[in-house]
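Geometric and topological summary
Next come the chains, spelled out residue by residue.
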Amino acid sequence: RSHEEVAERSELLKGYIEETIRTKGTLIIPAFSIERTQGMLLEINNLIETNQIAPIKTFLDSPLAISVTEVYRKSVAFLKPDIKAQIEAGDDIFAFDGLKFTETMKESSQIARVPGPKIIIAGSGMSHGGRIRAHEKEYLDDTNCIVLLVGYQTVGSIGRLLQDGAKHVWIDNMKIKVRAKVATIRGYSGHADRDQLVEFVHGGLSPKTKQIFVTMGEERSSLFLTQRLRDYLGAPAVAPEANSEVTIDL
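Now for a quick tour of the structure. (Residues numbered from 1 in each chain as written. Predicted model: local features only at pLDDT ≥ 70, side-chain atom pairs only at ≥ 80, totals over all residues. Heavy atoms only, no water.)

1. Regarding the pairing of strand β6 (residues 168–171)
Burial of the side chains of β6 is restricted to one face: V169 and I171 are buried, whereas none of H168 and W170 on the reverse face is. Pairing of β6 with strand β7 (residues 174–177), which is carried by four bridges, proceeds in the antiparallel orientation. Counterpart to H168 in the pairing with β7 is K177. Once β6 ends, the chain turns through two residues before running back antiparallel as β7, passing D172 with a positive phi of about 50°. (Buried < 20%, exposed > 50% of the residue type's maximum accessible area, 1.4 Å probe, protein only. Helix = DSSP H or I, 4+ residues; strand = E, 2+ residues; numbered from the N terminus. Pairing = 2+ DSSP bridges.)

Take a look at the structure:
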């Protein structure tokens, strides 16, 4: 797939937060605890502190994500230069107006009592497990709720079912009606997108290249990328079938 650029993804996120503020609703973001969550906090921090959106109650409801965020706080030297400079200039990117870390189950259960508008960031990123499932049970039937998917959703996951337009999902043996708006922003993906992969192959392609194997992605996407590499670069690309064997002469 082709991902949105950084500027575009920020505008999309801003739009969904503004809609949540306008409807006094709930924005649920299922997010992976490592890197994805910290990236979302940075984006919301920047939108609030540059006055692009009003402060909004934001709950980080994941003990693992909270612990990892503390690791990020102590590892500023390893961050990108522009983010490092932002922090060194005095901006605590993980402590903006309205943000609350909810570590205990009691704190987590009390989020439902807090009136909107509000943002809930919780794991897991594909709704396989974690606290996000409790929030989905609470809010998927609410027309003033937006479920924002910011990572890959594997086939069969609740996240993928929602992304594909399911009218109801089963969570913890409960049939939950889906009336919430489901949106996707692909620009937060940590993986290279289609165009970046083509450029990567182009940069390393030479007359000595004997074979390129496309081994990641769903079958349809892998076959599409394989054909694109052949058509655009004349590359000897192939998407191996499951359990096939290839002998490489070293």
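From this point, things continue past the structure.
2. Observations regarding the packing of aromatic side chains
Counted under the stated rule, the structure contains one aromatic pair. We note R228 situated over the ring of Y232; from NZ or CZ to the ring centre the distance is 4.5 Å. (Phe/Tyr/Trp six-rings, centres within 6.5 Å; stacked < 30°, edge-to-face > 60°. Lys NZ or Arg CZ within 6 Å of the ring centre and 35° of its normal.)

3. Description of the nonpolar core
Judged by nonpolar contacts, the single largest core of 31 residues is most densely connected at L13, I17, I29, I121 and L148. Element by element, the count of residues in this core is highest for helix α2 (residues 36–49), at six residues. Those residues in contact with I29 that sit more than four places away from it in its chain are M40, I119, I120, I121, A122, I132, L148 and V150. In terms of nonpolar packing, the next biggest core, distinct from the first, is built from 18 residues, I111, I120, I132 and V147 among them. (Core = buried A, V, L, I, M, F, W, Y, C linked by side-chain atoms within 4.5 Å. Contact = heavy atoms within 4.5 Å.)

4. Quick word on the environment of S127
Examined against the element boundaries, S127 turns out to sit in the loop between β4 (118–122) and α6 (132–139). Assessed through its relative accessible area of 1%, S127 is described here as buried. Counting along the chain gives 33 residues from S127 to R160, while the straight-line C-alpha distance between them is 9.0 Å. When residues no more than four places from it in sequence are discounted, the contact partners of S127 are P30, I132, R133, E136, I158 and G159. Among the polar contacts made by the side chain of S127, one reaches the side chain of E136 at a distance of 2.6 Å. (Polar contact = N/O pair within 3.5 Å; in protein donor to acceptor, adjacent residues only side chain to side chain.)

5. Let's talk about the packing of helix α8 (residues 194–204) against helix α9 (residues 219–233)
At a minimum axis distance of 11 Å, the contact between α8 and α9 shows a crossing angle of 50°. As summarised for this structure, α8 and α9 are arranged oblique, according to the angle between their axes. For the crossing formed where α8 meets α9, the hand is right-handed. Along the contact surface, α8 presents R194, D195, L197, V198, V201 and H202, while α9 presents F224, L225, R228, L229 and L233. (Axes fitted to C-alpha atoms, helices over the stretch in contact; angles between N-to-C directions. Parallel < 35°, antiparallel > 145°, perpendicular 65-115°, else oblique. Left-handed = near helix turned anticlockwise from the far one by under 90°.)

6. Details of unusual backbone geometry
Residue P117 is reached from G116 by a cis peptide bond, and omega for that bond is 5°. With respect to the helices and strands, P117 occurs in the loop between α5 (105–110) and β4. In this chain, G123 is followed by S124 through a cis amide linkage whose omega measures 10°. Relative to the assigned elements, S124 resides in the loop between β4 and α6. Despite not being glycine, E35 has its phi angle at roughly 80°, a positive value. One can find E35 in the loop between β1 (26–30) and α2. Residue classification places E35 among the exposed residues on the basis of a relative accessible area of 54%.

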